[in-house]
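Report on the structure
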Amino acid sequence: MSKAFELGEREFQTLSGLLRDRFGLDYPLQKKVELEKACASVSDGLDAAEFCCEVGSPSGEGLFQRFINRLTVGETYFFRIQAHFDALKSVILPGIFKKRAGEKRLRIWSAGCATGEEPYSVAMLILETLPDPGGWEIEFLATDVNTDFLSSARRGRYREWSFRKVDDYWRKKYFEPADGEWQVAADVRAMVKFVRANLIDERDNVVAVGPGSFDLILCRNVFIYFGDEGIERASALFRRYLAPGGWFVGGHAEPFVYDDGFEAVNFPGAFVYRKLTAEDVAAAKKRRLPAERPRKAVRVRPAAGGVERADRLVAVGKDSRALEQLTELVAAREDAELYWRMGRVLGNLGRYEEGLEWCRRGAALDKTNPYCYYIAALIQEEMGKNDEAFDNLRRSLYVEKSFVLGHFSMASYHRWRRDEERAARSYRNVLKLLDGRGEDEEISGDGLTVGRLREIVNQIL
Ligand SMILES: C[S@@+](CC[C@H](N)C(=O)[O-])C[C@H]1O[C@@H](n2cnc3c(N)ncnc32)[C@H](O)[C@@H]1O
């Protein structure tokens, strides 16, 4: 790196302060080298002091934008986080379609859309699941602060890597080969409007979003780059822009700041949030219950102390804290129950290889523990290693035939491969296994109850 770009302490503070205040981004000292690299690549001969001065001045807008384009991370791919797409397909989208069936109009926002894989995935899912999409007015807004990502999203051409999780069905139906890449189909492209908007800048959002509210907002894998203040501000924005009954989907382990006007809804492998309607609030008051569903943490399998606390932290999306808790526990004892939980939180935090390693260790200690294979399968699915994920899923059922979550995942595996018959069989297995179990009994150690899972499966079947 050029010597001119060693940021001194004052310059580092100036720059990280600007990024925090203007973009919500968190750049602690450990990320100094990252900052210096991005500065160096756009500085055009300015030294560190001049650079900081320029980006902070009104004439430095262009430079700041180039800097942001270099700095922001656009890691994304089609149908990322299967659990979200399962929830969208089976419950969230059908619910929205039903609610809007009268006016035939719906609004969706993908915030922090990067190069477009996320909004295009949702658009394809809408085309698949909405009868007569042509008869609807669908407003699909996709925003990001990185203008290079947005240009590439508008162009709609993708390399192999973006399809790491996609079944061939989608590629054949919605893409065409184009000079060694894949061009997204015109009807999908036409559905999504890409606009530059900084989530922290009120003016940007007012212009991009326009009047009215959204039935669904996705903002996934954006808050991981934000500091607390940025998360609070962006959460407030989403709370305001959601329609009553509207849904918010954030990334794994990302804290969405919500209030009594929201409920956290548990799906297998995912938490999403729903803004309550006036009727929901009235009904909750009548029952004298808090409108927000309290989350209980109950043990999945008997496991010695401290685990419940970690489970509770996972249940409220605080995976980093759960990791600290579990790290202490695994230092004190060898236990497969702890090891797969390590795998789960590391997977939620995007530390896939480490997560897999803990699952392997768990399976080595207790070959019959289905969670060691199940969590490994979920991580591998995120990594796009579909065949290995399937093998692990099968293994989880082999060691425990009555493993409910394994059957549920198997069902969604078949469903995404359009094998409806096998999917229905697996869903029926889930219902059979839940038969006779108490509604409030927890099954996944992250808040998912028997009653909730039964409800989800019944909605799908
Ligand atoms: C890792 S990508 C997430 C892409 C996609 N949502 C997903 O989950 O696959 C994070 C995106 O957030 C965007 N971003 C970061 N700060 C932002 C801000 N203040 N306003 C809007 N977008 C921002 C980045 O430019 C980047 O494209």
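The rules behind each value
- Residues numbered from 1 in each chain as written.
- Predicted model: local features only at pLDDT ≥ 70, side-chain atom pairs only at ≥ 80, totals over all residues.
- Heavy atoms only, no water.
- Helix = DSSP H or I, 4+ residues; strand = E, 2+ residues; numbered from the N terminus.
- Rg over C-alpha atoms; globule rule 2.2 N^0.38 Å.
- Buried < 20%, exposed > 50% of the residue type's maximum accessible area, 1.4 Å probe, protein only.
- Areas by Shrake-Rupley, 256 points an atom, 1.4 Å probe, with all protein chains shown as cover.
- Lys, Arg positive; Asp, Glu negative; His and termini not counted.
- Charge placed at Lys NZ, Arg CZ, Asp CG, Glu CD.
- Domains from an automatic or database assignment.
- Contact = heavy atoms within 4.5 Å.
- Buried area = accessible area lost by both parts, 1.4 Å probe.
- Salt bridge = Lys/Arg side-chain N within 4 Å of Asp/Glu carboxyl O.
- Polar contact = N/O pair within 3.5 Å; in protein donor to acceptor, adjacent residues only side chain to side chain.
- Near = heavy atom within 4 Å.
- Phe/Tyr/Trp six-rings, centres within 6.5 Å; stacked < 30°, edge-to-face > 60°.
- Axes fitted to C-alpha atoms, helices over the stretch in contact; angles between N-to-C directions.
- Parallel < 35°, antiparallel > 145°, perpendicular 65-115°, else oblique.
- Left-handed = near helix turned anticlockwise from the far one by under 90°.

Here we take up the overall build of the protein chain. For the protein chain, the count of helices and strands is 21 helices and 10 strands. Rg of the C-alpha trace for the protein chain: 23 Å, near the compact-globule value of 23 Å for 461 residues, within the 12% margin. For the C-alpha atoms alone, the extent of the protein chain along its principal axes is close to 70 × 60 × 55 Å. For the protein chain, with 461 residues in total, the buried portion stands at 56%. When the accessible area of the protein chain is evaluated, it comes to approximately 20,900 Å², of which 50% is carbon and sulfur surface. Where the 70 positive side-chain charges of the protein chain centre and where its 72 negative ones centre are 4 Å apart.

This part is about the domain arrangement of the protein chain. Accessible area lost on assembly of the parts is the figure often given for the size of an interface. Here the protein chain is described as being made up of domain 1 (3-71), domain 2 (82-286) and domain 3 (307-460). A C-alpha centroid distance of 25 Å is found between domain 2 and domain 3. Domain 2 puts 20 residues into the contact, and the matching count from domain 3 is 25 residues. For the domain 2 and domain 3 pair, buried surface summed over both sides reaches about 2,200 Å², with 53% attributable to carbon and sulfur atoms. In terms of surface lost to domain 3, no three residues of domain 2 exceed Lys-89, Asn-266 and Pro-268, which account for 25% of the buried area on that side. Summed over the shared surface of domain 2 and domain 3, the number is one salt bridge. Note that Glu-128 is salt-bridged to Arg-418, the shortest N-O span being 3.2 Å. Our count for the contact surface shared by domain 2 and domain 3 stands at five residue pairs in polar contact (both at pLDDT 80 or more). Those elements that provide at least two residues to the side of domain 2 that touches domain 3 are helix H5 (82-99), helix H6 (117-129), helix H8 (168-174) and strand S9 (262-267).

Taken together, 22 residues are adjacent to the ligand, and Thr-76, Gly-112, Glu-118, Asp-144 and Asn-221 come closest. Between the ligand and Glu-118 there is a distance of 2.9 Å, counted from a nitrogen atom to a side-chain nitrogen or oxygen. Leu-199 is positioned with one of its backbone polar atoms (N or O) 3.0 Å from a nitrogen atom of the ligand. Burial of the ligand by the protein amounts to 99% of the accessible area it has alone, namely 610 Å².

This paragraph deals with the packing of aromatic side chains. Using the criterion set out here, one finds 37 aromatic pairs in the structure. Considering the side-chain rings of Phe-79 and Phe-85, the 5.0 Å spacing of their centres and the 65° angle between planes classify their relative orientation as edge-to-face. The exposure classification of Phe-79 matches that of Phe-85, with both residues buried. Their ring planes at 15° and their centres at 4.4 Å tell us that Trp-340 and Tyr-371 sit as a pair that is stacked.

A separate point is the packing of helix H1 (residues 9-23) against helix H3 (residues 48-55). Remark: H1 packs on H3, axes separated minimally by 10 Å, with the N-to-C direction vectors making an angle of 25°. One element, H1, and the other, H3, form an angle in the roughly parallel class. Where H1 crosses over H3, the two elements pack in a sense that is left-handed. Residues Glu-11, Thr-14, Leu-15, Leu-18 and Arg-22 of H1 lie in contact with H3, whose contacting residues are Ala-48, Ala-49, Phe-51, Cys-52 and Val-55.

A few words now on the environment of Arg-105. Along the chain, Arg-105 turns up in strand S1 (residues 105-111). Considering only alpha carbons, one finds Arg-105 and Ile-138, 33 residues apart in sequence, at a separation of 5.8 Å.

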